[in-house]
Amino acid sequence: MKARPSGVIPPMTTPFRKDGEIDYRLIAPQVDWMIGAGAHGVAAGGSTGEGHTLDHEEYRDLMAATVEAVKGRIPVIAGIIVDSTRDAIRRGKLVRDMNVAALQVTPVHYLFKPDDDAMVAHFRAMADETGMPIIIYNVVPWSYLSPALLTRIMAEVPLVIGVKQSAGDLKLFADLMMMAPDKLIFSAVDALMYPSYTLGAHGSIAAILTAAPHASVALWDAVKAGDHPRALELHKKLLTLWNAIIADNLPACTRYAQTLQGLPMTYPRAPMPEASPAQQAATRKALEALGALDGRQIEAAE
């Protein structure tokens, strides 16, 4: 692996214009903002970035622009959200010669769920064909992988180096931490980052980090420093923000939070709607409580 990813890794929004095309010039400002907030890595092309809407050329160009903007300062993770082994392999091959630390790959998410053996074969084929480290993004509700199956895949396919564990069941997260202690387990349980970190998560890759990177890094640092009163305070404020943005148009609400904090305005790709007036008001109020809108960005602990 070129760099072992860990810590706070925000999944970037893709800067779509109002006409739905990508404005690649706006990738670098977002990268620099994330790095300025103290992020330990970035991910691109995932669900927060509406990666399921990208064609192959857009995907390649998005990842190339992200890697170029990062300039080796932090690890880059490439998200892949597709419905066939063939397509997943093809996208992995598009980025394997870039400076990408790992692929973040969802199980297939259409109607038909592969059985356990087919799921193992899917990730084995990806690893064999791309030669790249893989992080399973365990998020698809009707294709959700149990801790036992995740552990099996990681045991049988060594290039599967870890899991980005989503959904709100912290017990499944805790079980996975115990069953795969030598693997990288990232939390995507946005509402429960604080307990995820206290359980030993190696980091996080989740939309809440993208909406409030300064506070998210401060929370990570507070837990690492053993400052639990500070961590609990940040948890409550971040949970308020999460409750404001969690919806079927989560990527649109996340990019609205970014815009409030100074990034150029961008748009979700149709048919996703923009943040509603009620969502905008709740997001603004939550960010104000975090001190993210008054020029006093949350300072990460030294």
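Residues numbered from 1 in each chain as written. Predicted model: local features only at pLDDT ≥ 70, side-chain atom pairs only at ≥ 80, totals over all residues. Heavy atoms only, no water.

Bringing the pairing of strand β7 (residues 184–187) into the picture now. The alternating pattern of β7 places L184 and F186 on one face and I185 and S187 on the opposite face, and all of these are buried. As judged from the four bridges shared by strand β6 (residues 160–165) and β7, these two strands associate in the parallel manner. Opposite V163, over in β7, you have I185 as the bridge partner. Where the polypeptide runs from β6 across helix α6 (residues 170–179) and back to β7, its parallel neighbour, the crossover connection is right-handed. (Buried < 20%, exposed > 50% of the residue type's maximum accessible area, 1.4 Å probe, protein only. Helix = DSSP H or I, 4+ residues; strand = E, 2+ residues; numbered from the N terminus. Pairing = 2+ DSSP bridges. Right-handed = clockwise from strand over helix to strand, strands pointing away.)

So, about the UniProt feature "binding site: pyruvate" (unreviewed entry) in the protein chain. UniProt records the feature "binding site: pyruvate" (unreviewed entry) for T48 and I205 in the present numbering. Over a stretch of 158 residues, the named residues converge on one spot in the fold, their C-alpha atoms separated by at most 10.1 Å. Within the annotated group, the residues that form the lining of the largest pocket are T48 and I205. Inspection of the secondary structure puts T48 in the loop between β2 (42–44) and α2 (56–70). Owing to a relative accessible area of 6%, T48 belongs among the buried residues under this scheme. Setting aside its immediate chain neighbours within four residues, T48 contacts P11, M12, T13, A207, T210, P251 and T254. (UniProt positions renumbered as here; feature names shortened; annotations may be inferred. 1 Å grid on protein atoms, 1.4 Å probe; cavity = no way out; pocket = protein on both sides within 12 Å on 5 of 7 lines; lining within 4 Å. Contact = heavy atoms within 4.5 Å.)

Take the environment of N99 next. Here N99 lies in the loop between α3 (85–95) and β4 (102–105). Remark: the alpha-carbon pair of N99 and T66, spanning 33 residues in sequence, is separated by 9.9 Å.

It is worth spelling out the side chain of S196 at this point. Inspection of the secondary structure assignment puts S196 in helix α7 (residues 193–198). Among the polar contacts listed, one links the side chain of S196 to the side chain of S187, at a separation of 2.9 Å. The residues touching S196, leaving out its near neighbours within four places in the chain, are L170, F173, S187, V189 and A201. (Polar contact = N/O pair within 3.5 Å; in protein donor to acceptor, adjacent residues only side chain to side chain.)

Let us now look at the UniProt feature "active site" (unreviewed entry) in the protein chain. Mapped onto the present numbering, the UniProt feature "active site" (unreviewed entry) falls at Y137 and K164. Considering the C-alpha atoms alone, the annotated residues occupy 28 residues of sequence yet fold into one spot, their largest mutual distance being 4.7 Å. From this annotated list, the subset lining the largest pocket comprises Y137 and K164. In this structure the side chain of Y137 is engaged in a polar contact, spanning 3.0 Å, whose partner is the side chain of S47. Within the secondary structure, K164 is located in strand β6.

Here the focus is unusual backbone geometry. For residues other than glycine, phi is negative in most cases, and the peptide bonds are mostly trans. Note that the residue after A270, namely P271, is joined by a cis bond; omega there is 15°. Take P271: it is sitting in the loop between α11 (250–260) and α12 (277–289). Unlike most non-glycine residues, E50 shows phi in positive territory, near 55°. Tracing the backbone shows E50 in the loop between β2 and α2.

The final tally for this structure, using the stated rule, is two aromatic pairs. On the numbers, 5.8 Å between centres and 70° between planes, the contact of Y110 with F112 is edge-to-face. For Y110, a relative accessible area of 48% corresponds to the partly exposed category. Between the NZ or CZ atom of K164 and the centre of the ring of Y137, over which it lies, the distance is 3.7 Å. (Phe/Tyr/Trp six-rings, centres within 6.5 Å; stacked < 30°, edge-to-face > 60°. Lys NZ or Arg CZ within 6 Å of the ring centre and 35° of its normal.)

Enumeration over the complete set of coordinates arrives at two cavities of 30 Å³ or more. Approximately 80 Å³ is the volume attributed to the largest cavity. Taken together, T13, P15, L26, P29, Q30, R255, Q258, T259, L263, P264 and T266 make up the lining of the largest cavity. When residues of the lining of the largest cavity are traced back to their parent elements, those giving at least two are α1 (27–36) and α11. For the lining of the largest cavity, the leading source of residues is α11, giving three residues. The residue makeup of the lining of the largest cavity, split by class, is five nonpolar, five polar and one charged. A volume near 50 Å³ is recorded for the second largest cavity. Together, D190, A191, L192, M193, Y194, I208, L219, H235, L238 and L239 line the second largest cavity. For the lining of the second largest cavity, the elements supplying multiple residues, two or more each, are α7 and α10 (228–245). Classifying every residue of the lining of the second largest cavity gives eight nonpolar, one polar and one charged. (Points joined across faces, edges and corners; volume = space filled by probe spheres on them. Nonpolar A, V, L, I, M, F, W, Y, C, P; charged D, E, K, R; others polar.)

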